[in-house]
Amino acid sequence: GALVELTLDLDLKRLDARRIILAQDRFCVPDSPGRRPVAELHLSHAIGQAFAWHERLLKGREPIEHLARSVNLSPARIKHLLTLTHLSPEILRAALTGTLPSSTTLDDLIDAGRRLDWGKQAERLTLPVHA
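Read on for an overview of the structure. Note that the structure is a prediction, hence the values are computed from the model and not measured.

Once that is clear, we can look at the overall build of the protein. Scanning the protein from terminus to terminus reveals six helices and three strands. Counting from the amino terminus, helix and strand elements in the protein follow one another as β-β-β-α-α-α-α-α-α. In the protein, which comprises 131 residues, the share counted as buried stands at 31%. Sequence-distant contacts, at least 24 apart, represent 50% of the contacts inside the protein between residues at least 6 apart.

Quick reminder: α-helices carry 3.6 residues per turn. Residues three or four places apart thus point the same way. The end-to-end C-alpha separation of helix H1 (residues 41-60) is 28 Å, in line with the 28 Å expected for 20 residues at 1.5 Å each. By the burial criterion, the buried members of H1 are Leu43, Ala46, Ile47, Ala50, Trp53 and Leu57. With its buried residues spanning 130° around the axis, H1 presents them on a single face. Facing away from the buried surface of H1 by more than 90 degrees, the exposed residues are Leu41, Lys59 and Gly60. In this fold, the buried residues of H1 make contact with helix H2 (64-70), helix H3 (75-82), helix H4 (89-97) and helix H5 (106-113). Arg61 sits one or two positions beyond H1 and adopts a positive phi of about 50°.

Right, let's get into the packing of H1 against H4. Running from amino to carboxyl end, H1 crosses H4 at an angle of 130°, the nearest separation of the two axes being 9 Å. Taken together, H1 and H4 sit at an angle that is classed as oblique. Residue-level contacts link Ser44, Ile47 and Phe51 of H1 to Leu92, Ala95 and Leu96 of H4. Its residues placed into classes, the contact of H1 with H4 shows five nonpolar, one polar and no charged.

Turning our attention to the environment of Ala76. Here Ala76 shows up in helix H3. The class of Ala76 is exposed, set by a relative accessible area of 56%. Between the C-alpha atom of Ala76 and that of Glu65, which follows or precedes it by 11 residues, the distance is 9.3 Å.

The next point concerns the side chain of Thr85. In this structure, Thr85 sits in the loop between H3 and H4. A distance of 2.6 Å separates the side chain of Thr85 from the backbone oxygen of Leu82, its partner in a polar contact. Residues within four places of Thr85 in sequence aside, it is in contact with Ala50, Phe51 and His54.

Analysis parameters
- Residues numbered from 1 in each chain as written.
- Predicted model: local features only at pLDDT ≥ 70, side-chain atom pairs only at ≥ 80, totals over all residues.
- Heavy atoms only, no water.
- Helix = DSSP H or I, 4+ residues; strand = E, 2+ residues; numbered from the N terminus.
- Buried < 20%, exposed > 50% of the residue type's maximum accessible area, 1.4 Å probe, protein only.
- Contact = heavy atoms within 4.5 Å.
- Expected span 1.5 Å × (residues − 1).
- Arc of directions from axis to C-beta.
- Axes fitted to C-alpha atoms, helices over the stretch in contact; angles between N-to-C directions.
- Parallel < 35°, antiparallel > 145°, perpendicular 65-115°, else oblique.
- Nonpolar A, V, L, I, M, F, W, Y, C, P; charged D, E, K, R; others polar.
- Polar contact = N/O pair within 3.5 Å; in protein donor to acceptor, adjacent residues only side chain to side chain.

Structure below.
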């Protein structure tokens, strides 16, 4: 009948309208393991913006500086995000359907987009490479 007290240092956070538990070492514990995959809102939004900007730059033939001024971002940030338009169709599909590994960040996608070889992109994100 001894009483044992267990104390855990956890943070309850909201991520894309879902609750997640973060342990002290920032390990993520999903709120419900049986749920179907849901796309991360910030990734979907960044990909959508990049494609919209890409089309706007191609059709309007406006300089990137004008686009950056109109969306209140630096030209460097626009160029940085435009690399998302180079991602393979499989990676885009995975990002937009929520089937990327949960540890994948926007910076990971941008870094993968810098590689024009789709196989190398998949390797960078540790996804299976399709021949």
